[in-house]
Amino acid sequence: MRDQKANQSENWQIRRVSETGSTNTDLLAEGAQGAPDRTVLRADYQSAGRGRLDRAWEAPRGANLLVSILFRQVPAHTHVLTQAVALAAARVAREHCGVDVVMKWPNDLLVQNEKVAGILAQAGPLDTRGVPAFVVVGIGLNLEWAPPGATSLAASGWTQSATPDEFLLSMLPCIDELLALPLEEMHERYVVQLGTVGMRVRAELPHDQEVVGRATGVEADGRLIVLDECGVTHRIDTADVVHLRPAVD
Ligand code: BT5
């Protein structure tokens with residue numbers, strides 16, 4: 001396995017490996033060994049890339065961005081970190097590559113309702129106050145390749161291409177900027193980018209349950225608010241959300 005320092009900046013310790021199992025798994029292990037805040041690990045290829053709920057994340061060697069970031073400055077609501085990574089990726093897709101990306105709750109990036117990126121956040125061990133010592137946020141973003149049913153920035157007609165390194169190096173200062181914002185402003189930016197609010201959605205919950213209704217907002221703690229057909233409001237922590245159509249009511 002090739003392992004080289006790709007870049008060192010003031011805030012970020014960036015490493016690139018040609019191949020690994022999962023960059024998230026690696027950084028969770030490195031975090032337990034004391035790896036510093038804002039350690040970044042990017043792989044050209046993952047042999048065991050992970051999605052949420054132990055699903056697989058696929059990408060051919062070198063085609064897409066596969067990267068994880070370790071944060072030791074963990075805010076009270078850890079989802080702020082995933083939101084910052086998602087917002088930064090959406091901004092680079094738009095400003096660097098010319099592709100308008102919509103976010104789907106909690107942290108998927110879509111182009112025309114097809115997934116172009118997914119995020120997996122995993123917490124390290126909890127300290128005595130119940131706060132994780134660190135959080136690892138991994139993003140897989142399809143630059144050049146996508147599986148059937150998903151899309152890539154290339155297939156979405158990017159006006160300017162980006163290599164995984166170029167995309168990553170553009171994202172990192174955006175993450176710094178977003179995490180420096182007051183929490184309310186960060187929340188507002190997230191909600192504005194979120195295509196989910198105002199849509200009729202199906203939220204597929206754990207244990208084969210589901211809620212269908214209108215997504216009306218997101219709580220400060222990251223939970224999605226869905227008003228179902230019976231007028232019952234649900235505050236949803238964890239689910240796979242399907243955008244059905246814009247809500248008319
Ligand atoms: C996610 O999970 O969307 C989170 C993906 C996070 C991947 C990154 S890559 C760097 C870091 N290291 C890791 O090991 N993981 C992170 P989820 O919402 O559960 O979506 C997973 C589902 O997306 C799979 O079951 C497939 O159906 C689909 N999928 C797999 N590869 C895909 C791709 N390249 N593009 C779009 N969809 C994909």
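Thresholds applied
- Residues numbered from 1 in each chain as written.
- Predicted model: local features only at pLDDT ≥ 70, side-chain atom pairs only at ≥ 80, totals over all residues.
- Heavy atoms only, no water.
- Core = buried A, V, L, I, M, F, W, Y, C linked by side-chain atoms within 4.5 Å.
- Buried < 20%, exposed > 50% of the residue type's maximum accessible area, 1.4 Å probe, protein only.
- Helix = DSSP H or I, 4+ residues; strand = E, 2+ residues; numbered from the N terminus.
- Domains from an automatic or database assignment.
- Contact = heavy atoms within 4.5 Å.
- Pairing = 2+ DSSP bridges.
- Axes fitted to C-alpha atoms, helices over the stretch in contact; angles between N-to-C directions.
- Parallel < 35°, antiparallel > 145°, perpendicular 65-115°, else oblique.
- Left-handed = near helix turned anticlockwise from the far one by under 90°.
- Nonpolar A, V, L, I, M, F, W, Y, C, P; charged D, E, K, R; others polar.
- UniProt positions renumbered as here; feature names shortened; annotations may be inferred.
- Near = heavy atom within 4 Å.
- Polar contact = N/O pair within 3.5 Å; in protein donor to acceptor, adjacent residues only side chain to side chain.
- Areas by Shrake-Rupley, 256 points an atom, 1.4 Å probe, with all protein chains shown as cover.
- Phe/Tyr/Trp six-rings, centres within 6.5 Å; stacked < 30°, edge-to-face > 60°.
- Buried area = accessible area lost by both parts, 1.4 Å probe.
- Salt bridge = Lys/Arg side-chain N within 4 Å of Asp/Glu carboxyl O.

A.B. asks: Which parts of the structure should I look at to understand the nonpolar core?
C.D. replies: A general tendency of soluble globular proteins is for nonpolar side chains to be buried together. If you look at the biggest cluster of nonpolar residues, it comprises 59 residues, and the most contacted ones within it are L109, L141, L153, F167, M171 and I175. In terms of residue count, the dominant contributor to this core is helix α2 (residues 79–95) (eleven residues). When residues of this core are sorted by domain, at least three fall in each of domain 1 (13–192) and domain 2 (200–246). Leaving out residues up to four positions away in the same chain, M171 has contacts with L65, V85, A88, A89, V92 and I139. Counting residues in each nonpolar core, the second largest holds eight residues, with V17, A43, L70 and V136 among its members.

A.B. asks: What's the story with the pairing of strand β10 (residues 209–218) in this structure? I'm lost.
C.D. replies: Within a regular strand, side chains alternate between the sheet's two faces. Bridge analysis of strand β9 (residues 199–205) against β10 gives six bridges, and the strand direction is antiparallel. Within the sheet, the bridge partner assigned to V201 lies in β10 and is G213. Linking β9 back to β10 in an antiparallel pair, the connection comprises three residues, with H207 at a positive phi of about 60°. With five bridges connecting them, β10 and strand β11 (residues 224–228) associate as antiparallel partners. Looking at β11, one finds that G213 is bridged to D228. In this structure, the hairpin formed by β10 and β11 is closed by a connection of five residues, where G222 is found at a positive phi of approximately 95°.

A.B. asks: Where do I start with the packing of α2 against helix α4 (residues 183–193) in this structure?
C.D. replies: For any two helices packed against each other, one specifies the crossing angle of their axes together with the interaxial distance. The geometry of α2 relative to α4 is characterised by a closest axis approach of 10 Å and an angle of 55° between their N-to-C directions. Taken together, α2 and α4 sit at an angle that is classed as oblique. Crossing of α2 over α4 shows left-handed handedness. Where α2 approaches α4, its residues V80, Q83, A84, L87, A90, R91 and R94 are matched on the opposing element by L183, M186, R189, Y190 and Q193. Looking at the contact of α2 with α4 residue by residue, the class counts come to seven nonpolar, two polar and three charged.

A.B. asks: So what exactly am I meant to see when it comes to the sheet that holds β11 here?
C.D. replies: Picture the strands of a sheet paired through backbone hydrogen bonds; they go either parallel or antiparallel. Read across the sheet, five strands follow the order β12-β11-β10-β9-β13 without closing on themselves; strand pairing throughout is antiparallel. The sheet terminates laterally at β12 (233–236) and β13 (240–246), the two strands that pair on one side only. Mean inter-strand twist for the sheet, computed between neighbouring axes without regard to direction, equals 40°. Of the strand pairs in this sheet, β9 and β13 are connected by six bridges, and their pairing is antiparallel. When the sheet's bridge partners are listed, V201 is paired in β13 with H243.

A.B. asks: It is not clear to me how the UniProt feature "domain: BPL/LPL catalytic" (unreviewed entry) in the protein should be interpreted in this structure. Could you clarify?
C.D. replies: The feature "domain: BPL/LPL catalytic" (unreviewed entry), as given by UniProt, occupies residues 22–142 in the numbering adopted here. Secondary structure over residues 22–142 splits into 22% helix and 30% strand, and the C-alpha atoms at its two ends are 16 Å apart.

A.B. asks: Is there a simple way to explain the site of the ligand in this structure?
C.D. replies: Contacts to the ligand come from 27 residues, most closely from S22, Q46, R50, R55 and K115. Between an oxygen atom of the ligand and a side-chain N or O atom of S22, the distance comes to 2.7 Å. At 2.8 Å from a nitrogen atom of the ligand is found a main-chain nitrogen or oxygen belonging to E58. Within the complex, the protein chains bury 88% of what would otherwise be the 800 Å² of accessible surface of the ligand. Counting residues per element, the ones that place at least two in the shell around the ligand are α1 (23–32), β4 (65–71), β7 (114–123) and β8 (135–141). Tallying contributions element by element places β7 first for the shell around the ligand, with four residues. Split into classes, the residues belonging to the shell around the ligand amount to ten nonpolar, eleven polar and six charged.

A.B. asks: Would you mind showing me how to read the packing of aromatic side chains here?
C.D. replies: Note on aromatic pairs: each is described by the distance of the centres and the angle between the planes. Scanning the model with the defined rule gives one aromatic pair in all. Seen from their ring centres, W12 and F71 are 6.5 Å apart, and the 80° between their planes marks the pair as edge-to-face. You can see W12 sitting in the loop between β1 (3–8) and β2 (13–17) and its partner F71 sitting in strand β4, a full 59 residues away along the chain. F71 matches W12 in its accessibility class, with the two residues each being buried.

A.B. asks: Would you take a moment to explain the domain arrangement of the protein for this structure?
C.D. replies: Often, the extent of an interface is quoted as the loss of accessible area upon association of its parts. Domain boundaries assigned for the protein yield domain 1 (13–192) and domain 2 (200–246). Counting residues at the interface gives 14 residues for domain 1 and 14 residues for domain 2. If you sort the residues of domain 1 by the area they bury against domain 2, K104, W105 and H187 come out on top, with a joint share of 54%. Taken together, the connections running from domain 1 to domain 2 amount to two salt bridges. A salt bridge links R55 to D240, with the nearest nitrogen and oxygen atoms 2.9 Å apart. Viewed at the interface, domain 2 and domain 1 are joined by eight residue pairs in polar contact (both at pLDDT 80 or more). No other element matches the three residues that α4 contributes to the side of domain 1 that touches domain 2.

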